[in-house]
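# Notes for the structure review
Given next are the chains, with one letter for each unit.
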Amino acid sequence: MKIMFLLIGCSMLMAIGFLIAFIWSVRNGQMEDDYTPSVRILFEDKPIKEDSEEN
Amino acid sequence: MGKETQLLTSTCFHCGDGLPKSVIPFDNKEFCCVGCKGVYELLSKNNLCDYYELADSPGLSLKNPISKVKFNFLDDDQIQRQLLQYRDDKISRITFHMPTMHCSSCIWLLENLYKLNKGVKNSRVDFLRKQLSISFDHHLSSLREIVELLSALGYEPSLNLNDLEGKKKQQNSNRLLYQLGVAGFGFGNIMLVSFPEYFGLDSFSSSYLSKLFGFLNMGLALPVFLFSAQDYFISAYRSLKKGIVNIDFPLALGILVMFARSSYEVITHSGIGFFDTLAGLVFFLLLGKWVQQRTIDTLSFERDYKSYFPLAVSVLHNTKETTVPVPQLKIGDRIIIRNNEIIPADSILLKGSAQIDFSFVTGENDPIEKVLGEVIYAGGRQVGSAIEMEVCKTVSQSYLTQLWNSEHFAKAQQSSIQSFQSIVSRYFTFALLIIAFASAAFWFWFDPSRSLNAFTAVLIIACPCALALSSPFALGNSLRMLGRSKFYLKSPDIVEKMANVDHLVFDKTGTITQAAESNISYYGEALNEIQSDYLKAVCGNSVHPLSKKIAGFLPDSKQPKFLIENYQELSGKGISATIDSVTIKIGSANYLQINPKSVVDVLATRVYISIANNCLGFFEITHAYRAGLSNLVSNLANNYKLTLLSGDNDSERERLSQVFPKNAQMLFNMSPSEKMLYIHQLRESGEKVAMIGDGLNDAGALKVADLGISVTENTAHFSPGSDVIMDATGFIKLSNYFNYAKCTLNVIHMSFVISLLYNIFGLSFAVQGLLSPVIAAILMPISSISVILFTTVSTYLFAKKNQLF
C-alpha cells in the first residue's frame, strides 16, 4: 500500500499544476474578454499579392 | 459574375446605404459619397480589402465629413497626459471606447491598424466592451494622427469629459475568479480523497491512510476556508455590527461550524469530517456570486453629463484660435462651435445662425433656431455653419450640470424595495438558531454526549446554500433573457425592483413619441405636379426642420432643376422665393397674412403655402406616438398607476387623454427639476415609482425614482444614467417585461420552497444527532444543483411565455 503515497503525491502535484495554470490564465487576462478571441482566431493572413506574383 | 452583381446592387459598396442619384463610381464599385470612396481607396492601396469579405458592406457611412481642426486639442500635452494610460520615452498606450464597432470586419481592420499607420505597434479590440487599446511610437505618429485616421475610417473614438477626470476604475472581478478557482480545486480533490470513506472501504478506514486522508482534506480545505469563504465572514460581521441579519450570517456560521467540527474530528481521529461539504458549499455559493456579477459590459449605466460633453473647445483669443480643455473655460471666453459640435457651457450667441439640436437634452429631435444675443444652454448640438459664442457660465455652473449637483440628486435615496432574500433570511436565521439550540437542549437532557453533535449538525445541514443560490441564478438568468430582448438591466437585483413597482411615470417627448418621425399631411386645394415641384425645390433650399419634412413628404420632382430667385428666409416666420416668375411663400399664417378659416387646431403645427399670392392650403405636422402605445397603456393601466410628465406645453393633452385612462395624471410644462421633485414626492408618499424617460432633462427623475428606465433609439448613443437602458423598438413590450419580472420573483419563491424541503429532510437527521458526512456530502450538491436547474429552466420558459423573444 506504500505506492499510495506516491500516487497521492503525483495527483496532488497535477492538481496544483492545474490550479496554477488557472491562476496564470486569470492574471493573463484570458477571463476578461471571452468573445473577441473567438472571432480573431478565424482571421487569416493572406500572402501579400506583389510578393506572390514575384515568386 | 462577381463584378456584375456588384454593379447591379443599388447600395454603397462601403457602407451599404442606399445609393443617391449621383453615384460615385470607382474601381468597378459604386459609392454613395466621397468619404466612403476614400476609405475604400485607402484600404485597397494597403491590401486591406479583406475588410469587405468578412462581412457584407461593413463600413460606416461618412456622409458627414469631420472638421479638420476637430482633433487639434489632442496635441495639447496636458490633455494627452490625462488620456494616455502609459507613456515612456518611446511608446504610448491608450484605450479608446468605440461605440461604432459592430462586426468582425471592424475587429479585423482595427487590429490591422499598423498597416495603415507606421507608428502603431499593436492594436487590440475588446469587442464586448467596444474598446480598442493601441500602443504606438509617439516619435513616428501622434495621438492626433491616430485619432484622425480612426475617424477617417469611420471609427471615431468617443472622447469626452469623463475620460479626463480620472482614469476609469477597472472593474476587477479577478479576486472572485481566484476564489472560485481555489474552491473548485478544493471541492474536486477533497471529494476524490473522500471516495474510500463514501464506499465504506474498511481496509482504508482502519489504516494509517485514513488518517493521512483526513489531514490531506484539512490541508485542502484550509485555503477554501481562509481565502475563498472570507467574504462571507466579512459580510456577516459587517451586517451584524449594523444590527441586521443577512443571508451571509447563517452561511458564515455553517461554514465556521463545519470547519471547526471537521478539524476536531480529524485531529482526534474520530471521523473524517465534512470538508467535502464545506468546499462544495463554498464553490456553489461563489458560482452564484459569479453569475450575479456577470452583467452587461457593453453598456454604461453610470453616464452623466461628463460622458457627453466634449474634451476641448476652440477658443478665440485675440483673433487667434486655440483649443482649451473644457474644464478650463472661463466666463467671457469666446468659443467657436462648428457643425455637430456640442456647446459645453451656457453661452450667449454672438455670431452666425444657430440651429441647436437639443435631442440629447430634451429628446426633441428638431433643431431649434436661436437669435443673436440669446443664451443657449449647454448640451445643445449646433447643426449647420460655425457659430461664435461668449461663455456666460462655467461648465460646472451651467443649467444642466447643476441638475447633478442638486441636493436631491446627491441624496438619491436607497430604494425602499427590499429583496425577497433579505426578508426571508432574517426569519430563516432565527428559526435555524431556535432549532439548533432546542435540539442541543433536548439531547443535553437525555444524552449529553450527543448534544454538541446535534447542535453542530443542525447548523451544518441547514446552511441555506440552495436558498442563497436561488436569487442569483433566477435574477442573473432573467437579466440575460431581458437583454436578449434589448432591455438591458444594470444589475440582476433590478428585476426584483421591477416586480415591485406600482406606479409608472412616463416622459412624453422621445419616450412615448417617436423622436425621428412625425405625421405630416396636406389640407387644401389639390396641388398639381408643377406646384408640388416648386414647393419641393423651395423647401429643399432651407435647413429648417419643418421645410425638410415638407420636402421629404412631397413626391420626387421629375424636372431637372429650377432656378430659384429672390430666396428669402425669415427666421420664425417662413420663406419666400420666385421660380419661373411665380412667387412662392411658405410659412406661418401670420407671415402669409391670412386668417385661418378653420379654428386653429392647437394639437399640431401648420405650415401654410401660397403660390402666386393664392393661399392653397396648409401642411399639418403632428408628432407620431409609438406604434402600439394605446394597447400598451391599456395593458399597463390594469396593474399600475400611470402618470405623464412633459416638458412641453399642454397642446397634446386632448390627444393623449384618448390614450391614457381617466385616472392617469398628466402634467405639462415641467422643468427637469420639477420632474425630479414630483418623483421625489411620489416616493415620500410611499409609492414605488418607475420613471421611463430619455434625454438629459429626465436624468434627475430617472435617478430619483426607484427604477429609472431610459429609452434610446440607438443603444450605442448617449443615454443618461439609469437602472435600465431600453431599446426603443421594445417599448411596446414594456408590459411583457414587467410581467416577466413578476414571474421571476415567483420562480425565486418556488425555489425557496424547494430548498426548504431539502432542509427539512436534512434536519430530520440532524436533530437526532445522526448526520453522517456522506448524507451531508450528497444532500448539499443535490439541493444546489436542483435549484440551479430549476431556476435556469423556468426563467427560460417564462421568457418564452411572455414573448420576450
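Residues numbered from 1 in each chain as written. Chains lettered and ligands numbered in written order. Predicted model: local features only at pLDDT ≥ 70, side-chain atom pairs only at ≥ 80, totals over all residues.

Glancing now at the overall build of chain A. A count of helical and extended segments in chain A gives three helices and zero strands. Secondary structure elements in chain A, listed N-terminal to C-terminal, are α-α-α. Out of the 55 residues belonging to chain A, those deemed buried represent 0%. (Helix = DSSP H or I, 4+ residues; strand = E, 2+ residues; numbered from the N terminus. Buried ≥ 20, exposed ≤ 12 C-beta atoms within 10 Å, placed from the backbone.)

Attention now goes to the overall build of chain B. Helix and strand counts for chain B stand at 29 helices and 28 strands. Evaluated residue by residue, chain B yields a buried proportion of 44% over its 805 residues. In chain B, of all internal contacts separated by at least 6 residues, the share reaching a separation of at least 24 is 66%. (Contact = placed C-beta atoms within 7 Å.)

The next subject is the pairing of strand β11 (residues 354-357) of chain B. Two faces, one strand: in a regular strand the side chains alternate between the faces of the sheet. Residues and elements named next belong to chain B. Alternating positions in β11 separate into two faces, Ala354 and Ile356 on one and Gln355 and Asp357 on the other, with burial throughout. In this sheet, strand β12 (residues 368-370) lies alongside β11 in antiparallel orientation, the contact comprising three bridges. By the bridge assignment for β12, Ile356 is matched with Ile368. Strand direction decides the pairing type here: β11 and strand β14 (residues 381-382), joined by two bridges, are antiparallel. Looking across to β14, one finds that Ile356 is bridged to Gln382. (Pairing = 2+ DSSP bridges.)

So, about the domain arrangement of chain B. All names here are of chain B. Splitting chain B by domain gives domain 1 (2-54), domain 2 (72-159), domain 3 (173-293), domain 4 (305-402), domain 5 (484-513 + 627-740) and domain 6 (515-625). Facing six residues of domain 1, the contacting portion of domain 2 comprises nine residues. Grouping the amino acids of the side of domain 1 that touches domain 2 by side-chain chemistry returns four nonpolar, one polar and one charged. (Domains from an automatic or database assignment. Nonpolar A, V, L, I, M, F, W, Y, C, P; charged D, E, K, R; others polar.)

This part is about the interface of chain B and chain A. On the side of chain A, 17 residues touch chain B, which itself brings 16 residues to the contact. A per-element tally of the side of chain B that touches chain A places helix α8 (residues 174-198) of chain B first, with six residues. Considering only residue class, the side of chain B that touches chain A consists of nine nonpolar, five polar and two charged.

Residues and elements named next belong to chain B. Read across the open sheet, the seven strands follow the order β16-β28-β27-β26-β17-β24-β25; overall the sheet is mixed. Looking at which strands have only one partner, the edges of the open sheet turn out to be β16 (487-489) and β25 (665-667). With strand direction ignored, the average angle separating the axes of adjacent strands in the sheet is 20°. Relative to strand β26 (residues 689-693), strand β17 (residues 503-507) is paired through four bridges, and the arrangement is parallel. Bridged to Val505 within β26 is Met691. (Axes fitted to C-alpha atoms, helices over the stretch in contact; angles between N-to-C directions.)

Here we come to the sheet that holds strand β6 (residues 131-137) of chain B. All names here are of chain B. Spatially, the four strands line up as an open sheet ordered β3-β4-β6-β5, and their pairing is antiparallel. In this open sheet, the two edge strands, each paired with only one partner strand, are β3 (86-87) and β5 (120-126). Across seven bridges, strand β4 (residues 91-97) lies against β6 in antiparallel orientation. From the neighbouring strand, Thr95 faces β6, where its bridge partner is Ser133. The sheet contacts of helix α5 (residues 104-111) involve β5 and β6, and relative to β5 the element is tilted by about 160°.

Parts of the model with low pLDDT should not have their predicted coordinates read in detail. Residues and elements named next belong to chain B. Residues of chain B with pLDDT of at least 70 account for 87%, and the chain-wide mean is 82. Counted against residues more than four places away or in other chains, residues 1-8, with its pLDDT under 50, gives five contacts. For this predicted complex, the interface confidence comes out at an ipTM of 0.85, alongside a pTM of 0.78. (pLDDT = per-residue confidence, 0-100.)

Another aspect to go through is the packing of helix α10 (residues 208-228) of chain B against helix α13 (residues 275-293) of chain B. Residues and elements named next belong to chain B. At their nearest, the axes of α10 and α13 sit 10 Å apart, and the two run at 30° to each other. Along this stretch, α10 crosses α13, giving a crossing that reads as left-handed. Counted together, Asn217, Met218, Ala221, Val224, Phe225 and Ser228 of α10 and Phe275, Leu278, Ala279, Val282 and Leu286 of α13 form the full contact between these two elements. Residue classes in the contact of α10 with α13 are distributed as nine nonpolar, two polar and no charged. (Left-handed = near helix turned anticlockwise from the far one by under 90°.)

Turning to the pairing of strand β21 (residues 582-587) of chain B, a few remarks are in order. Relative to β21 of chain B, strand β20 (residues 574-579) of chain B is paired through six bridges, and the arrangement is antiparallel. Bridge assignment links Ala577 of chain B to a residue of β21 of chain B, and that residue is Ile584 of chain B.

Turning our attention to unusual backbone geometry. All names here are of chain B. Its identity is not glycine, yet His269 carries a phi of approximately 55°, on the positive side. Note on His269: 10 C-beta atoms within 10 Å, which makes it exposed. For Ser581, which is not glycine, the phi dihedral falls at a positive 55°. With respect to the helices and strands, Ser581 occurs in the loop between β20 and β21.

With twelve residues, helix α11 (residues 230-241) of chain B should reach 16 Å at 1.5 Å per residue; the first-to-last C-alpha distance of 17 Å fits that figure. In the segment just after α11 of chain B, Gly243 of chain B is the residue with positive phi, at about 80°. (Expected span 1.5 Å × (residues − 1).)

As a rule of thumb, soluble globular proteins bury nonpolar side chains together. Residue and element names in this part refer to chain B. Residues Ile255, Leu278 and Val282 are the most contacted members of the largest nonpolar core, which totals 126 residues. Ignoring anything within four residues of it in the chain, the contact list for Leu278 reads Ala221, Val224, Phe225, Ile255, Met258, Phe259 and Ser262. With 60 residues, the next largest nonpolar core counts Leu43, Leu74, Leu150 and Leu311 among its residues. (Core = buried A, V, L, I, M, F, W, Y, C linked by C-beta atoms within 7 Å.)

Below, the discussion takes up helix α17 (residues 420-446) of chain B. All names here are of chain B. Look at α17: 39 Å from first C-alpha to last across 27 residues, which is about the 39 Å you get at 1.5 Å a residue. For α17, the full list of buried residues reads Gln421, Ser425, Phe428, Leu432, Ala436, Ser439, Ala440 and Trp443. Along its buried surface, α17 packs onto α12 (248-267), α18 (451-461) and α19 (465-484).

For the pair helix α1 (residues 3-27) of chain A and α8 of chain B, interaxial distance at closest approach is 10 Å and the crossing angle is 165°. In terms of orientation, α1 of chain A lies roughly antiparallel with respect to α8 of chain B. Both α1 of chain A and α8 of chain B take part in a crossing whose hand is right-handed. Here Ala15, Leu19, Phe22, Ile23 and Val26 of chain A of α1 of chain A come into contact with α8 of chain B, specifically with Asn174, Leu177, Tyr178, Gly181, Phe185 and Asn189 of chain B. (Parallel < 35°, antiparallel > 145°, perpendicular 65-115°, else oblique.)

Residues and elements named next belong to chain A. On average, residues of chain A carry a pLDDT of 80, and 78% of them reach 70 or more. Here helix α3 (residues 49-54) stands out as the least confident element of chain A, with mean pLDDT 43; α1 is the most confident, with 91. Scored below 50 in pLDDT, residues 50-55 makes one contact in the model with residues more than four places away or belonging to other chains.

Let us look at the environment of Val326 of chain B. Residue and element names in this part refer to chain B. Looking at the element boundaries, Val326 is found in the loop between β8 (320-325) and β9 (334-337). Residue Val326 is classed as buried on the basis of its C-beta count, with 23 C-beta atoms lying within 10 Å. For Val326 and Tyr52, which are 274 residues apart along the polypeptide, the C-alpha to C-alpha distance reads 39 Å.

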